[in-house]
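Geometric and topological summary
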Amino acid sequence: MTIEKYLKDRKNIIDKALDEYLLSEEKPPSIIHKAIRYSVFSGGKRIRPILTLATAELFGKDAESVMKAACGIELIHTFSLIHDDLPCMDNDDFRRGKPSNHKVFGEGIALLAGDALLVSGFDLIIRNSEVKEIKKQSILKLLKETSFYIGTENMVGGQVEDISLKNENIKKEDLYNLYMKKTAALICLSIRAGAILSGAHQRQLKALTKYGENIGLAFQIIDDMLDIMQDQRDMKKPNYANKFGMKESKSESERLIKEAKDSLKIFNNKAETLRNLADYLLIRKK
Ligand code: GRG
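Everything quoted here is computed from the prediction, not taken from an experiment.

Moving on, we get to the overall build of the protein chain. Helix and strand content of the protein chain: 13 helices and two strands. Viewed in the frame of its principal axes, the protein chain has a C-alpha envelope of about 50 × 50 × 35 Å. By residue count, 52% of the 286 residues in the protein chain fall in the buried class. A fraction of 73% describes how many contacts in the protein chain between residues 6 or more apart in sequence connect residues 24 or more apart. For the protein chain, the computed accessible surface area is about 13,700 Å², with 54% contributed by carbon and sulfur atoms.

Near the ligand you find 19 residues, and of these Lys45, Arg48, His77, Ser80 and Arg96 are the closest. Contact distances for the ligand include 2.5 Å between an oxygen atom and a side-chain N or O atom of lysine 45. Histidine 77 has a polar side-chain atom sitting 2.8 Å from an oxygen atom of the ligand. Out of a free accessible area of 740 Å², the ligand has 87% covered by protein chains. Secondary-structure elements contributing two or more residues to the shell around the ligand are α4 (67–85), α8 (155–164), α9 (172–197) and α10 (202–229). By residue number, the principal contributor to the shell around the ligand is α4, which donates six residues. Looking at the shell around the ligand residue by residue, the class counts come to six nonpolar, seven polar and six charged.

Two numbers describe how helix α7 (residues 136–150) lies on α9: the axes approach to 10 Å, and their chain directions differ by 175°. The angle between α7 and α9 falls in the class roughly antiparallel. Of the residues in α9, those in contact with Ser138, Ile139, Lys141, Leu142, Glu145, Thr146, Tyr149 and Ile150 of α7 are Ala185, Leu186, Cys188, Leu189, Arg192, Ala193, Ile196 and Leu197. In terms of residue class, the contact of α7 with α9 is made up of 11 nonpolar, two polar and three charged.

Cut-offs applied
Starting from 1, residues in each chain are numbered consecutively following that chain's sequence as written. Residue-level local features of this predicted model are given only where pLDDT is at least 70; pairs of side-chain atoms are given and counted only at 80 or more, and the full residue set underlies all totals for whole chains, interfaces and linings. Just so you know, side-chain values use all the structure's heavy atoms and leave hydrogens and water out. Numbering of helices and strands runs from the N terminus; a helix is a DSSP stretch of H or I covering at least four residues, while a strand is a stretch of E covering at least two. Per-residue accessibility, obtained with a 1.4 Å probe over protein chains only, is compared with the maximum for each type, and a residue is labelled buried under 20%, exposed over 50%, and partly exposed between these values. Throughout, a contact is declared for two residues whenever any of their heavy atoms are within 4.5 Å. All accessible areas in this document rest on Shrake-Rupley with a 1.4 Å probe, and a residue is counted as covered only by the protein chains that are shown. Consider each residue's heavy atoms; a residue with any of them within 4 Å of a molecule or strand counts as near. Counted as a polar contact is a pair of N or O atoms within 3.5 Å, where, for protein atoms, one must be capable of donating a hydrogen and the other of accepting one, and residues adjacent in sequence contribute only when both atoms are in side chains. Residue polarity follows a fixed list, in which Ala, Val, Leu, Ile, Met, Phe, Trp, Tyr, Cys and Pro are nonpolar, Asp, Glu, Lys and Arg are charged, and the others, Gly among them, are polar. Orientation is described by axes fitted as lines to C-alpha atoms, over the contacting stretch for helices, and by angles from 0 to 180 degrees between their N-to-C directions. To sort the angles, those under 35 degrees are grouped as roughly parallel, those over 145 as roughly antiparallel, those from 65 to 115 as roughly perpendicular, and the leftovers as oblique.

If you want it as structure tokens, here you go:
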């Protein structure tokens with residue numbers, strides 16, 4: 001199966017599961033459920049839940065066994081995007097080519113939709129314990145990890161730096177530190193979720209974390225390059241490609257992807273899908 005077909009198939013089953021897990025738009029108070037569904041179904045690539053599923057597959061588990069946790073992480077990602085676009089943050093009127101959540105529903109509802117998505121994300125991870133073969137202990141471990149990877153030492157902390165650091169005098173080291181927290185953390189969590197729920201050993205978790213950190217950093221550098229190519233760069237925001245140029249960004253993202261794939265050596269050919277997903281990030285156009 002080509003990686004494009006793999007991504008399409010997985011996205012379809014994730015979209016169906018999300019539709020099943022989320023409350024209907026009619027459920028009162030209708031406006032918040034409409035706002036939630038608006039952002040969840042506005043064209044996200046589902047990279048994070050796909051990584052959770054692909055990691056579970058590496059351990060011989062099927063998509064169903066980790067689907068709720070995978071979708072929970074996608075809801076947390078959606079929360080971060082809605083809040084990121086708010087006027088008090090990046091003040092973006094558009095997301096994925098469509099009006100951002102607060103432009104359609106107003107700031108108050110957008111803020112609350114983000115809050116609700118964060119809570120629902122945790123709820124779905126808890127509900128993954130309904131799967132028979134999943135150990136309760138691994139759900140607890142995953143909940144603890146989720147708090148860590150989205151908390152002030154990671155995603156929220158990264159966002160704090162993102163709104164405070166200025167692009168002109170930023171050092172490469174600071175930029176890497178910011179990208180590790182802002183973007184790579186949630187990507188790492190997605191991979192670790194698949195591994196933890198599948199009963200991975202410490203050595204396997206360590207290798208997968210290295211993979212996650214490297215593809216996460218590459219993902220953000222590529223995102224910066226795409227922002228420049230599509231003329232969507234915010235001059236005030238830290239941006240690797242803006243700071244170090246497109247050529248250096250391309251070679252750096254290629255180096256990171258190679259390092260990510262190298263860290264999967266212990267899995268031999270069982271990790272072929274994760275390797276293909278890493279390569280795909282280099283050629284993605286959105
Ligand atoms: C608690 C106020 C508060 C905020 C939470 C907002 C926030 C912290 C963090 C934002 C982090 C952020 C927006 C990072 C950018 C990561 C990134 C490159 C997102 C785009 O990911 P894609 O391309 O998105 O996977 P799609 O559209 O495919 O879903």
